[in-house]
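Descriptive analysis of the structure
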Amino acid sequence: MDLSDVTHPLRAAAVLRLFPARPHLLALGEPTHGEDMLLDLRNRLFGQLVEEAGYRTIALESDCMAGLLVDDYVATGAGSLDEVMEHGFSHGFGSSAANRELVRWMRAHNEERPAAERLRFAGFDGPLEITGAASPRPALTALHTYLAARVDPALLPCTAGALDRLLGEDSAWTEPAAMSDPAASVGRTPQATELRLLADDLVALLDTRTPELIAATSREDWHRARLYGRTATGLLRYHFWMADTGPARMARLVALRDRMMADNLLALAERGPALVHAHNAHLQREPSSMRMGGERLRWWSAGALLNAHMAERYAFVTTALGTIRHRGVDTPPPDTVEGLLYTLPHAHHVADAAGLAAAYGDTRPAARVSPYIGYAPLDPAHLAAQQGILFVRDLPAG
C-alpha cells in the first residue's frame with residue numbers, strides 16, 4: 001500500500017493541513033502515560049504552533065487548580081521552577097523532565113514580552129486522582145473571597161466562617177476508602193448538601209455581577225473566579241456521587257470527570273487557540289470505555305462533548321505507537337494499522353486518517369492487542385472517523 005500521499009513528517013503545518021480551518025482547540029492524544037518522548041514531541045509541536053500559527057496556550061491533563069501556580073510562573077515569574085514542578089502538577093506529571101523543559105521554555109519565551117503576547121499554561125483536569133477527589137475548600141473559599149471583596153455583603157449566601165464550619169476537616173473529603181466504599185464518603189451529609197446549594201448560589205452571584213466584577217478587577221481575574229466556581233460545584237457533585245450505592249456509580253464518576261475536563265476546555269477556548277494534551281481516551285470524539293474492577297465502563301469522553309459543542313473548532317489527533325519494548329509491547333502485527341505504519345522508515349510522522357481508511361478500501365484492519373495494560377492501541381473501527389494520527393515508531397526506555 002502506497003502511503004506517500006497520506007503520511008507527512010511531524011510539523012505544525014502538516015498537522016494543521018489535516019483540518020479545513022485552524023482549530024480553536026487542537027487536541028493531541030497519547031495512548032500511554034509516563035513516556036517523555038511523547039511529551040518531547042508535544043513540546044516541539046507546541047513551539048511550532050506558537051511561532052507559525054499564533055497559538056499561545058497549552059492545556060494538560062493535570063489539576064486545574066494546581067495549574068494556576070504553573071501559569072503564574074510562566075506568565076510573571078512568580079515562584080520558582082522547582083516549586084511549580086513540585087506543586088503545580090497532579091498525577092505525578094511534575095517529575096517529568098519533558099514537562100519541566102516545557103515550563104522552563106515557556107518562562108524564557110515570555111521574558112520581556114508584553115502580557116498580550118505571553119504564553120499561558122492551564123491544567124484542565126479536576127482536582128481528582130484515581131484514589132479519590134480533593135476537598136472543595138480551596139476552590140470554594142477562593143470564590144467566596146473574590147466575591148466578598150467586591151459585592152454587597154448582603155448578597156452573599158453565607159459568611160466565610162459558615163463556609164469553613166460546613167467544610168469541616170479536609171481529611172474527611174480526601175478519605176481514600178471512599179473511592180471503593182460509598183459509606184466512607186461525606187458527599188451526602190447534610191453539610192455537603194448545604195455546600196452544594198451555597199456553591200450554586202455563589203456561582204450565580206458571580207454570573208449576575210459579571211459586568212461590575214470585570215470592571216472592578218480584570219477579565220483575567222474573573223476567568224479565574226469562574227474556574228473556582230466550576231471546580232467547587234464539580235467537586236461537590238463528584239463527592240455526592242461517590243456516596244452513591246447504585247450500580248452506575250463508577251460509570252457516573254468517570255463521566256463526571258470528563259465533563260469537568262470539557263467545561264474547563266470550553267472556558268479556555270473563549271480566550272484564544274490552544275494545544276490540548278491528554279490521554280487519547282479523554283480527547284477522542286467517540287465514546288470511551290475501560291475495564292475497572294471487572295466492570296466495563298462506558299461514557300462520553302471530554303473530546304466527544306467538545307465536538308458536540310464546538311464542531312470543526314475542535315480537532316483531535318490521536319497518537320499510535322509501534323513498540324514500547326521496555327513494557328513488553330513488541331513489533332505490531334502487519335495486519336493492524338500500527339503494523340502498516342510501522343513499515344515506514346520514519347521515526348514519527350503524521351497520517352491523514354481519512355486517507356488511510358480510504359487506502360484500506362473494503363479491507364478491515366485487525367485490532368491490536370497490547371500485553372501492557374497501560375497502553376491502549378488504536379481501535380480500527382474508528383479509523384474512518386479519525387482526523388489525524390501521530391505515529392511514533394519506537395519508544396525508548398527511560
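All figures in this text were calculated on a predicted structure; none of them were measured in a lab. (Residues numbered from 1 in each chain as written. Predicted model: local features only at pLDDT ≥ 70, side-chain atom pairs only at ≥ 80, totals over all residues. Heavy atoms only, no water.)

**Some words on the environment of Pro273**
Within the secondary structure, Pro273 is located in the loop between α12 (249-269) and β7 (274-279). Residues Pro273 and Arg56, spaced 217 residues apart in sequence, show a C-alpha to C-alpha distance of 6.8 Å. Leaving out residues up to four positions away in the same chain, Pro273 has contacts with Arg22, Pro23, His24, Gly54, Tyr55, Arg56 and Thr57. (Helix = DSSP H or I, 4+ residues; strand = E, 2+ residues; numbered from the N terminus. Contact = heavy atoms within 4.5 Å.)

**Side note on the sheet that holds strand β10 (residues 314-323)**
Sheet architecture is open: 8 strands sit in the order β1-β11-β12-β10-β2-β7-β3-β4, paired in mixed fashion. Every interior strand has two partners, whereas the edge strands, β1 (7-9) and β4 (120-125), have only one. Recorded for the sheet is a direction-independent mean angle of 30 degrees between the axes of neighbouring strands. Looking at chain direction, β10 and strand β12 (residues 388-394) are connected through 6 bridges and run parallel. In the sheet register, Thr319 faces β12, and the bridge partner there is Leu390. With respect to the sheet, helix α3 (residues 67-76) is in contact with β3 (57-63) and β4, its orientation differing from that of β4 by roughly 170 degrees. α12 rests against β2 (25-30), β3, β4 and β7 of the sheet, and its axis sits at about 155 degrees to β4. (Pairing = 2+ DSSP bridges. Axes fitted to C-alpha atoms, helices over the stretch in contact; angles between N-to-C directions.)

**Observations regarding the layout of surface pockets**
Taken as a whole, the largest pocket encloses approximately 1,600 Å³ of empty space. If you trace the largest pocket, you find 46 residues lining it, with His279, Ala281, Ser289, Met290 and Ala376 closest to the centre. Of all the secondary-structure elements, those providing two or more residues to the lining of the largest pocket are β5 (128-129), α12, α13 (280-283), β8 (288-292), β9 (295-299) and β10. Asp71, Arg120, Glu220, Leu268 and Arg271 are the residues nearest the centre of the second largest pocket, which is lined by 28 residues in total. Broken down by secondary-structure element, the contributors of at least two residues to the lining of the second largest pocket are α3, β4, α11 (219-242) and α12. (1 Å grid on protein atoms, 1.4 Å probe; cavity = no way out; pocket = protein on both sides within 12 Å on 5 of 7 lines; lining within 4 Å. Points joined across faces, edges and corners; volume = space filled by probe spheres on them.)

**Re the pairing of β12**
Within β12, 5 of the 7 residues are buried, which leaves it mostly tucked inside the rest of the structure. When strand β11 (residues 348-352) meets β12, the two strands line up antiparallel, connected through 5 bridges. Considered in β12, the bridge of Val350 is made with Leu390. (Buried < 20%, exposed > 50% of the residue type's maximum accessible area, 1.4 Å probe, protein only.)

**Here we look at the domain arrangement of the protein chain**
The domain architecture assigned to the protein chain consists of domain 1 (7-129 + 261-394) and domain 2 (132-246). When each unit is reduced to the centre of its C-alpha atoms, the spacing between domain 1 and domain 2 is 30 Å. On the side of domain 2, 16 residues touch domain 1, which itself brings 14 residues to the contact. Counting the contacts that link domain 1 with domain 2 gives 5 salt bridges. Salt-bridge contacts for Arg271 lead to Glu220; the nearest nitrogen and oxygen are separated by 2.7 Å. Applying the counting rule to domain 1 against domain 2 returns 7 residue pairs in polar contact (both at pLDDT 80 or more). Secondary structure elements with two or more residues in the side of domain 1 that touches domain 2: α3, β5 and α12. (Domains from an automatic or database assignment. Salt bridge = Lys/Arg side-chain N within 4 Å of Asp/Glu carboxyl O. Polar contact = N/O pair within 3.5 Å; in protein donor to acceptor, adjacent residues only side chain to side chain.)

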